[in-house]
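# Examination of the molecular architecture
Single-letter residue listing:
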Amino acid sequence: MAVPDQKSNSDGKVWGFFKLPFRGNNANTTSSSSSTSHSSHLQHHHNQSNMQVEGSNLHTSGSVSSVARSLLPTRRRLRLDPSNKLYFPYEPGKQVRSAIRIKNTSKSHVAFKFQTTAPKSCFMRPPGAILAPGESLIATVFKFVEHPENNEKPMEQKSKVKFKIMSLKVKGPMDYVPEMFDELKDQVAVEQILRVVFLDVERPSPALDKLKRQLAEAEAAVEARKKPPEESGPRIIGEGLVIDEWKERRERYLARQQVEGVDSV
């Protein structure tokens, strides 16, 4: 009878011994699952943080690149001669002239426009135009020269008047309209701000000689535009009478044939 008691005790001990590992596994499984969910939560939070950092980096890089582009110098479409000055002969109390050559150095048509801080005493001819690629012209600038103030010497007088030349890329040949600079102001570029320099007319200088040559060339161009274009089509004699050149030749040929036939008879 003692044997069964030992078996039962041993069975109890054996079963109790095998129950302990299962309890430990359940605890380990619970802890591992909780740690796994915690680590996945941390990983998700880390990924979100990385995405936010990357997005902020992209935004920062985009803003930096836009700032960098704004700081870069604008590519010029026009070449000016003189490049940054307007030379005027100093003659107080008179309206004097200056000249500047403007050339389109880009591969597209470009419109340009003059602006001045003194529109009442200065004007430009032409005030604006459209230039084809490689085309150039000489613009004339008119200005009234005031008498010196506060007993200043003539050549020491400083003019506060400034001129600005702006450019705008256009699609092709078209009529110049000043309003296009207002409609497409985001695409307008400031080519140059020109300051006024006075020249002594009694002292010869290379700048004064160059100014005279440019003014003469500008006047010749204006006179050439005033002339009517030469007619390349059929000549018109009288009102409504058109004589074709080939018709004239045929009539002369037939007349010559008639004369030769009379002579032979």
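All chains use their own residue numbering, which begins from 1 and follows the written sequence. In keeping with the model being predicted, local features are shown solely for residues with a pLDDT of at least 70 and side-chain atom pairs are shown and tallied solely at 80 or more, while totals for entire chains, interfaces and linings include all residues. Think of the side-chain values as coming from all heavy atoms in the structure, minus any hydrogens and water.

On to the sheet that holds strand β2 (residues 85-89). By definition, two strands form a pair when at least two bridges between them are found by DSSP. By definition, any uninterrupted DSSP run of H or I lasting at least four residues is a helix, any uninterrupted run of E lasting at least two residues is a strand, and each is numbered from the N terminus. If you walk across this open sheet you meet the 5 strands as β2-β9-β8-β4-β6, and the pairing is mixed. For this open sheet the edge positions go to β2 and β6 (128-131), each flanked by a neighbour on one side alone. Going from strand to strand, the sheet's axes swing by 25° on average, the running direction of each strand aside. Sheet analysis places strand β4 (residues 110-116) next to strand β8 (residues 162-169), joined by 7 bridges and oriented antiparallel. Helix axes are fitted only over the stretch in contact, all axes being lines through C-alpha atoms; the angle between N-to-C directions runs from 0 to 180 degrees.

This next bit is on helix α3 (residues 206-226). Since there are 3.6 residues in each turn of an α-helix, residues three or four apart along the chain are aligned in direction. What a helix is expected to span follows from its residue count: subtract one and scale by 1.5 Å. In this model, α3 (21 residues) spans 31 Å end to end at C-alpha, consistent with the 30 Å of a helix rising 1.5 Å per residue. Contact criterion: two residues are considered in contact whenever any of their non-hydrogen atoms come within 4.5 Å of each other. Tucked inside the fold, the buried residues of α3 contact β1 (78-81), β2, β3 (95-104), β5 (122-125), β7 (136-144) and β9 (189-199).

The subject of this paragraph is the side chain of Arg77. On the secondary structure map, Arg77 appears in the loop between α1 (2-71) and β1. Each residue is assigned to one of three classes by its accessible area relative to the maximum for its type, calculated with a 1.4 Å probe on protein chains only: buried under 20%, partly exposed between the two thresholds, exposed over 50%. Only four residue types enter the charge count, namely Lys and Arg as positive and Asp and Glu as negative; His and the chain termini do not. Any carboxyl oxygen of Asp or Glu that lies within 4 Å of a side-chain nitrogen of Lys or Arg is treated as forming a salt bridge with it. For the buried Arg77, no salt bridge exists, and the shortest N-O distance to an oppositely charged side chain is 4.7 Å, to Glu191. Polar contacts involving the side chain of Arg77 include one to the side chain of Ser167, which spans 2.9 Å. Beyond its immediate stretch of four places on either side in the chain, Arg77 contacts Lys103, Asn104, Thr105, Ser106, Val110, Ser167, Leu168, Lys169, Gln187, Ala189 and Glu191. A 3.5 Å cut-off defines polar contacts: any pair of N or O atoms within that distance qualifies, except that in protein one atom must be a possible hydrogen donor and the other a possible acceptor, and neighbouring residues in sequence count only when both atoms are side-chain atoms.

In this section: the pattern of salt bridges. Where side chains of opposite charge bring their charged atoms close, a pairing between them can arise. Per the stated rule, a full pass over the model turns up 7 salt bridges. Among the ionic pairs, Lys94 bridges to Glu91, the shortest N-O distance being 3.6 Å. The partly exposed category is assigned to Glu91, whose relative accessible area is 27%. The salt bridge involving Lys226 is made with Glu223; its shortest N-O contact spans 3.7 Å. Taken together, the residues span about one helical turn, with Lys226 and Glu223 both in helix α3 at a distance of 3 residues. On the basis of relative accessible area, Lys226 is assigned to the exposed category, the value being 58%.

Turning next to the nonpolar core. What is meant by a nonpolar core is a set of buried Ala, Val, Leu, Ile, Met, Phe, Trp, Tyr and Cys residues, joined one to another through side-chain atoms within 4.5 Å. In this structure, Leu78, Phe88, Ile100, Ile102, Phe114, Phe163 and Ile165 are the most contacted members of the largest nonpolar core, which totals 25 residues. When sequence neighbours within four positions are dropped, the list of residues in contact with Phe114 reads Ile100, Ile102, Met124, Pro126, Pro127, Ala139, Val141, Lys164 and Ile165.

Moving on, we get to the packing of aromatic side chains. Stacked, edge-to-face and tilted are the three classes for Phe, Tyr and Trp ring pairs, Trp counted by its six-membered ring, which pair at centre distances within 6.5 Å; planes under 30 degrees apart are stacked, over 60 edge-to-face, the rest tilted. Enumeration according to the criterion identifies 5 aromatic pairs in this entry. Consider the rings of Phe123 and Phe142, whose centres lie 4.5 Å apart with planes at 5°: the pair is stacked. Highlighted residues: Phe123 in strand β5 and Phe142 in strand β7, separated in sequence by 19 residues. The partly exposed category is assigned to Phe123, whose relative accessible area is 39%.

Within the secondary structure, Glu191 is located in strand β9. Residue Glu191 is classed as buried on the basis of its relative accessible area of 3%. Along the backbone, Glu191 and Leu168 are 23 residues apart, and their C-alpha atoms lie at a distance of 9.8 Å. Not counting residues within four places of it along the chain, the set of residues in contact with Glu191 comprises Arg76, Arg77, Leu78, Ile165, Met166 and Ser167. A polar contact of 2.6 Å, which involves the side chain of Glu191, links it to the side chain of Ser167.

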